[in-house]
Amino acid sequence: MTLAFECKMCGHCCKGKGGIILTSKDRSRLAEHLKISPEELIEKYTEKINGKIRLICGEDDYCIFFSEGCSVHPGRPDICRAWPFFRGNLIDETSWEMIQEYCPGVEAKAGHKEFVRQGKEYIKQEGLRQHDPDIAPNALITDPE
Ligand code: SF4
Ligand code: SF4
């Protein structure tokens with residue numbers, strides 16, 4: 001079996017403002033990892049855009065926790081855990097083809113069908129489905145299959 005994804009640690013997915021939305025579960029886990037309170041986490045490391053709490057970036061436009069890789073890896077948010085198995089990439093083969101330019105960890109040879117199979121299995125195992133569409137990132141899948 002060809003692995004459909006294996007992170008190459010290039011950091012592309014950690015660059016860009018506003019994309020990392022934190023659910024309350026994410027905030028508790030990340031705060032615990034940093035040994036601070038969720039309130040302190042919100043004050044120091046997040047901003048609210050369109051009603052959702054998001055991680056801020058540094059001046060280099062990388063996530064505030066990016067430093068030659070994820071410096072909070074065990075405590076990282078669900079959306080970081082779910083990439084590249086986002087809903088759009090699972091339902092749309094063209095999106096999956098397009099992300100191969102951006103994410104060198106996505107293995108084209110595996111094919112989209114296998115990407116979907118492995119992705120759904122991973123998302124299920126890790127409990128990464130969207131639970132509340134009002135607060136959770138839209139990129140997480142909602143269908144139970
Ligand atoms: S873009 Fe892909 S290969 Fe690069 S760090 Fe992110 S997940 Fe890993
Ligand atoms: S929390 Fe870690 S994995 Fe997520 S964007 Fe920031 S540096 Fe990248």
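Our subject is the structure listed above.
Residues numbered from 1 in each chain as written. Chains lettered and ligands numbered in written order. Predicted model: local features only at pLDDT ≥ 70, side-chain atom pairs only at ≥ 80, totals over all residues.

Participant: Just to check I follow, could you spell out the environment of Leu-55 for this structure?
Facilitator: Structurally, Leu-55 is set in strand β2 (residues 52–55). A residue is classified by how many C-beta atoms lie within 10 Å of it, and Leu-55, with 26 of them, is buried. When sequence neighbours within four positions are dropped, the list of residues in contact with Leu-55 reads Ile-20, Leu-22, Tyr-45, Thr-46, Cys-63 and Ile-64. (Helix = DSSP H or I, 4+ residues; strand = E, 2+ residues; numbered from the N terminus. Buried ≥ 20, exposed ≤ 12 C-beta atoms within 10 Å, placed from the backbone. Contact = placed C-beta atoms within 7 Å.)

Participant: Got a minute to help me understand the nonpolar core in this structure?
Facilitator: Across soluble globular proteins, you tend to see nonpolar side chains buried next to one another. Formed by 21 residues in total, the largest nonpolar core has its most connected members in Ile-20, Leu-55, Cys-63, Ile-79, Ala-82, Phe-85 and Leu-140. The residues that make up this core include at least three from each of domain 1 (11–75) and domain 2 (83–145). Every residue in contact with Ile-20, bar those within four places of it in the chain, is listed here: Arg-54, Leu-55, Cys-63, Pro-77, Ile-79 and Cys-80. Counting residues in hydrophobic clusters, the runner-up holds five residues, among them Trp-96, Ile-99, Val-106 and Phe-115. (Core = buried A, V, L, I, M, F, W, Y, C linked by C-beta atoms within 7 Å. Domains from an automatic or database assignment.)

Participant: Help me understand the site of ligand 1, please; the structure alone is not making it clear to me.
Facilitator: Around ligand 1, the surrounding shell consists of Cys-7, Lys-8, Met-9, Cys-10, Gly-11, His-12, Cys-13, Trp-83, Cys-103, Pro-104 and Gly-105. Partitioned by chemical class, the residues of the shell around ligand 1 number seven nonpolar, three polar and one charged. Here the shell around ligand 1 spans two domains, since at least three of its residues come from each of domain 1 (11–75) and domain 2 (83–145). (Near = placed C-beta within 6 Å. Nonpolar A, V, L, I, M, F, W, Y, C, P; charged D, E, K, R; others polar.)

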